[in-house]
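# Residue-level structure breakdown
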Amino acid sequence: MQKIVVAGGGVLGTQIGLMCAYTGHDVTFWLRSEGSIGRTMPKIERYSKLMLEDLARAKALVGTPMGAFVYPKGLIRDWKGATPESIDALIETAKKRFAENVHIETDMAKAVADADIVVESMSEDPKAKIGVYTAMKDLLPEKTLLFTNSSTMLPSTFEKYTGRPEKYCAVHFANTIWKNNTAEIMGHAGTAPETFRAAVAFADAINMIPLELHKEQPGYILNSMLVPFLSAAQGLWATGVADVPTIDKTWKLATGAPAGPFKILDIVGLETAYNINQMKPDAQVEGTVTNLLGKLLKEKIDKGETGVNAGKGFYDYTKK
């Protein structure tokens, strides 16, 4: 059983850790403080519950024409052989592994001791990532591979802070990874070929589909397409062109998409949207749309309206 450490307990960090536990790995979440534990535990409970619910719902899909298209691909590796009984067995195994394989530690040295892989999943803030790498580099065992789940930043930005550039690359996951089971693998110039191959093997081992990038690209494949789309929607809102429900409705009606951009932002989390916005060159330039958007997002964050996990973002999720 590989020992996996996830540094950070945000939306994706929590999901990554749970998928590692689900697939039989020993998982430790390293968190900064007791306060971080209080914020992470509800996510662990929420996402493990959602994964179990999606497994249970999948039983009704067995033998249906749409089953092969909508089953949770990260949870059921071989749909052709799936039966209600085999899914029940997966549910019981998942409950056991969530209970036994998931650990939380605030002592970094204890967390990373004997780690095979560390997945850095801190916020999209360069200082936060550099701080973790600097603190961690002398604590990691020689064997440990270090992966970043950064959504938009390049591994070459940080490799010099890791102390192991040849064993460092990016492995980026899409949200709700137990259903949207992609893992974009991106190295930097100094990433060793065996590290890249190990990242591909790790993604496959946790039931992801490895998507190999041949060169560094800010935003990888997915976010190179998604971030401009979300930024355009936020610009329409910030400048008063249309309100949030109308923008989402327009996208859904015109494209047949199940969710609009602001529902996606609520799922991603407004802190992430804010951090990405603030990295733009004109974020501090008064009078720009980027500057205005940053202020509007900050207002919502300061009110605790950070998205689905907080119960409210652009939409209110406390209403039944």
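Above this text you will find the structure in question.
The sections below set out a description of the structure shown in this document. (Residues numbered from 1 in each chain as written. Predicted model: local features only at pLDDT ≥ 70, side-chain atom pairs only at ≥ 80, totals over all residues. Heavy atoms only, no water.)

### Thoughts on the sheet that holds strand β1 (residues 3–7)
What the eight strands build is an open sheet, ordered β3-β2-β1-β4-β5-β6-β7-β8; its pairing is mixed. Of all the strands in the sheet, the pair left with one neighbour each is β3 (102–105) and β8 (209–212). Put simply, the sheet's adjacent strands are angled 25 degrees from each other on average, direction ignored. Helix-sheet contacts for helix α4 (residues 84–101) involve β2 (26–30) and β3, and the interaxial angle to β3 is about 25 degrees. The sheet strands contacting helix α8 (residues 193–205) are β1, β4 (117–120), β5 (145–148), β6 (168–173), β7 (182–186) and β8, and the helix crosses β7 at an angle near 175 degrees. (Pairing = 2+ DSSP bridges. Helix = DSSP H or I, 4+ residues; strand = E, 2+ residues; numbered from the N terminus. Axes fitted to C-alpha atoms, helices over the stretch in contact; angles between N-to-C directions. Contact = heavy atoms within 4.5 Å.)

### Considerations on the pairing of β4
Side-chain alternation along β4 places Ile117 and Val119 on one buried face and Val118 and Glu120 on a second face that is also buried. Where β1 lies against β4, four bridges are found, and the strand directions are parallel. The partner of Ala7 across the bridge, within β4, is Glu120. Pairing analysis gives four bridges linking β4 to β5, with the strands arranged parallel. Residue pairing in the sheet places Ile117 in a bridge with Leu145 of β5. The parallel pair β4 and β5, bridged by helix α6 (residues 126–136), forms a crossover whose chirality is right-handed. (Buried < 20%, exposed > 50% of the residue type's maximum accessible area, 1.4 Å probe, protein only. Right-handed = clockwise from strand over helix to strand, strands pointing away.)

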